[in-house]
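Geometric and topological summary
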Amino acid sequence: MKKALALIVAFILLFAGVYTLVDILTSFWLVLKYESFNAWTTGAITGKVLFLLVVSGLLLLVRRMYNKLK
């Protein structure tokens, strides 16, 4: 049961990470295309990058927990 739960959480975190990565790339592209970098756009992109780092760290922790359950 623990392995299944860890696998489900890992897939959710993986999808969140992929979505965030695509969101960062599209935000960066739109800022380059339509605007210039200012405090708001830089802060928004930085926040998205930090969220991606947190999700990646959680994914690594879940993966390590899944491997210990084997």
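Anything mentioned here points back to the structure above.
Remember, it's a predicted structure, so these values are computed and weren't measured experimentally.

Let's shift gears to the environment of Leu-59. Examined against the element boundaries, Leu-59 turns out to sit in helix α2 (residues 39-69). Its relative accessible area of 24% is what places Leu-59 among the partly exposed residues. Remark: the alpha-carbon pair of Leu-59 and Val-49, spanning 10 residues in sequence, is separated by 15 Å. Non-local contacts of Leu-59, meaning those with residues more than four positions away in its chain, are made with Ala-10, Leu-13 and Leu-14.

Moving on: helix α1 (residues 2-34). Here α1 is 33 residues long and its end C-alpha atoms lie 47 Å apart, about the 48 Å a rise of 1.5 Å per residue gives. Within the sequence span of α1, burial applies to Ala-6, Ala-10, Leu-13, Gly-17, Thr-20, Ile-24, Ser-27 and Val-31. Contacts made by the buried residues of α1 are with α2.

Here the idea is simple: oppositely charged side chains can pair when their charged atoms come close. According to the stated counting rule, one finds one salt bridge in the structure shown. Where Lys-48 meets Asp-23, a salt bridge forms, and the shortest distance between an N and an O atom there is 3.3 Å. Residue Lys-48 is found in helix α2, and its partner Asp-23 is found in helix α1; the two are separated by 25 residues along the sequence. A residue is classified by how much of its surface remains accessible, and Lys-48, at 23% relative accessible area, is partly exposed. You can call Asp-23 partly exposed: its relative accessible area is 24%.

What counts and how
- Residues numbered from 1 in each chain as written.
- Predicted model: local features only at pLDDT ≥ 70, side-chain atom pairs only at ≥ 80, totals over all residues.
- Heavy atoms only, no water.
- Helix = DSSP H or I, 4+ residues; strand = E, 2+ residues; numbered from the N terminus.
- Buried < 20%, exposed > 50% of the residue type's maximum accessible area, 1.4 Å probe, protein only.
- Contact = heavy atoms within 4.5 Å.
- Expected span 1.5 Å × (residues − 1).
- Salt bridge = Lys/Arg side-chain N within 4 Å of Asp/Glu carboxyl O.

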